[in-house]
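So you can see what is in the structure, the chains are spelled out below.
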Amino acid sequence: MLKRYLLAPGPTPVPPEVLLAMARPMIHHRAPEFDPIFAEVREGLKWLFQTRNDVLMLASSGTGGMEGAVSNFLSPGDKALFVNGGKFGERWGKLCKTFGVQATEIKVEWGHAVNPQLVADALKKDPAIKAVYVQASETSTGVSHDVRALGEIVKGYDNTILVVDAITALGVFDIKTDAWGLDVVITGSQKALMLPPGMAFVSVSDKAWALADKAKNAAFYFNFKKERENQIKNQTAFTPTVSLIIGLQEVFKIMKAEGLEKMFARQGRLAHAMREGVKAAGLSLFPKESPSDALTAVSAPEGIDGQAVYKNLRTQYGMTAAGGQDHLKGKIFRLSHMGYADTFDVIAALAATEMVLKGLGHPVKLGSGVGKAQEILMAK
Ligand SMILES: *Cc1c(COP(=O)(O)O)cnc(C)c1O
């Protein structure tokens, strides 16, 4: 037997209370008992997103929310700007292309964060740009971009919206949707929201709705206006993910008992302990700046294949982490600590990493990273 540990940056572990809630007998989404559940979850989402606007719930993975954030706000021929600092940034470019949007790319070297001044310069040069697309946490590199600074910049343009993929940010660190002027914020169920995959969530500001009124792209399923008309009445345009919504009700009970500030503090503490543990084990972090608190991307040591680390973690110790993508394949491995994670997730991840590396012939001192994390995570 091999006990399984899920330390991938999505899907992430689901708390037992949430699993049990989702195991309840199916109810009908047009029946009266669904109404209060949906209403409670809508309120919970506003709390988590720190917004007064409605947060739409969609039955799709996170990318469905990203797709809708292009198709609902822009028309073919419209101009957009996107930050490409990794696999998910690149996805904005592909989505814009799919919908005939003329997108200008700000290419950021993988492992770095975007310099907000580049966005300011691009908007100054071309104020016809209607939307700026960015990640709050670029999961492929483990780097976070400063969306607060970008909000300040985009605020100055009445006809430009800022769209933030916060799929591995929301619930991990502070994202003040309204206060920072983030017009559209997206997340998914299977990351920090501690749910199985299957839902996307999108908040939309008044400025973004005004843009949606003029947009001409044909969106049938991911039609935000149609969804809003229904969701303000605690209904959805199509069959919702009933079980996941019931699970989310339970997730909000857990999150509210902890509180946003303590939740961000816990996530930050885990991330800090993981990073310090990695360094104490003689390894280096892949991010060159602004590491995301959602996950830690570790550079594979010289002569060690990062994919072998990732594979051995799973086959030898039952631990599912993640490897690198594209040109980072073999160069890095990624350990997540977002969502339903605590002290011993970090310690187990560091312990297993040390054991795997030693097994691969890398001279790591067993316990070096673990000890550092223990010091940091010891209860006070
Ligand atoms: C997981 C993730 C997504 C969405 O991916 P799906 O597979 O569609 O859920 C988008 N952006 C980031 C930054 C992610 O981590």
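Every value quoted in this text rests on a predicted model; they were computed, and no experiment measured them.

K.L.:
Report on the UniProt feature "modified residue: N6-(pyridoxal phosphate)lysine" (unreviewed entry) in the protein chain, specifying residues and quantitative values.
P.N.:
With numbering matched to this structure, UniProt assigns "modified residue: N6-(pyridoxal phosphate)lysine" (unreviewed entry) to Lys191. Structurally, Lys191 is set in the loop between strand 9 (184-188) and strand 10 (199-204). With a relative accessible area of 9%, Lys191 lands in the buried category. Those residues in contact with Lys191 that lie beyond four places of it in its chain are Pro9, Gly10, Thr12, Ile167, Thr168, Met338 and Gly339.

K.L.:
Please provide a residue-by-residue account of the site of the ligand, values included.
P.N.:
Taken together, 13 residues surround the ligand, and among them Ser61, Thr63, Thr139, Asp165 and Lys191 come closest. Within the contact set of the ligand, a nitrogen atom lies 2.6 Å away from a side-chain nitrogen or oxygen of Asp165. If the ligand stood free it would expose 380 Å²; the protein chains cover 88% of that surface. Counting only elements with at least two residues in the shell around the ligand, the list comes to helix 3 (62-71) and helix 4 (87-98). For the shell around the ligand, the element with the highest residue contribution is helix 3, accounting for three residues.

K.L.:
Can you explain the sheet that holds strand 2 (residues 55-59)? Please cite residues and give values.
P.N.:
If you trace the seven strands from one edge of the open sheet to the other, you get 2-10-9-8-5-3-4, paired in mixed fashion. With partners counted over all chains shown, the strands left at the sheet margins are strand 2 and strand 4 (102-107), one partner each. Strand-to-strand, the axes of this sheet are offset by a mean angle of 20°, without reference to chain direction. Here strand 9 runs beside strand 10; their pairing, made up of five bridges, is antiparallel. Bridging across to strand 10, Val184 finds its partner in Val204.

K.L.:
Run through the UniProt feature "domain: Aminotransferase class V" (unreviewed entry) in the protein chain, naming residues and quoting values.
P.N.:
In the numbering used here, UniProt assigns the "domain: Aminotransferase class V" (unreviewed entry) feature to residues 5-325. In residues 5-325, helix accounts for 41% and strand for 17%; the two terminal C-alpha atoms are 21 Å from one another.

K.L.:
Tell me about the side chain of Thr12, and please be specific about residues and values.
P.N.:
Turning to its location among the elements, Thr12 is positioned in the loop between strand 1 (5-6) and helix 1 (16-22). There is a polar contact of 2.8 Å between the side chain of Thr12 and the backbone oxygen of Lys191.

K.L.:
Kindly report on the pattern of salt bridges, identifying the contributing residues and their values.
P.N.:
Applying the stated criterion across every chain, the model contains 16 salt bridges. Ionic pairing is found between Asp213 and Lys225, a salt bridge with its closest N-O pair at 3.6 Å. Placement of Asp213 in helix 7 (residues 206-214) and of Lys225 in helix 8 (residues 224-231) is noted, with a sequence separation of 12 residues between them. Note that Lys253 and Glu250 form a salt bridge whose closest N and O atoms lie 3.4 Å from each other. Of the two residues, Lys253 and Glu250 are both situated in helix 9 (residues 242-258); the distance of three residues between them amounts to about one turn of the helix. Residue classification places Lys253 among the partly exposed residues on the basis of a relative accessible area of 47%.

Rules used in this analysis
Residues numbered from 1 in each chain as written. Predicted model: local features only at pLDDT ≥ 70, side-chain atom pairs only at ≥ 80, totals over all residues. Heavy atoms only, no water. UniProt positions renumbered as here; feature names shortened; annotations may be inferred. Helix = DSSP H or I, 4+ residues; strand = E, 2+ residues; numbered from the N terminus. Buried < 20%, exposed > 50% of the residue type's maximum accessible area, 1.4 Å probe, protein only. Contact = heavy atoms within 4.5 Å. Near = heavy atom within 4 Å. Polar contact = N/O pair within 3.5 Å; in protein donor to acceptor, adjacent residues only side chain to side chain. Areas by Shrake-Rupley, 256 points an atom, 1.4 Å probe, with all protein chains shown as cover. Pairing = 2+ DSSP bridges. Axes fitted to C-alpha atoms, helices over the stretch in contact; angles between N-to-C directions. Salt bridge = Lys/Arg side-chain N within 4 Å of Asp/Glu carboxyl O.

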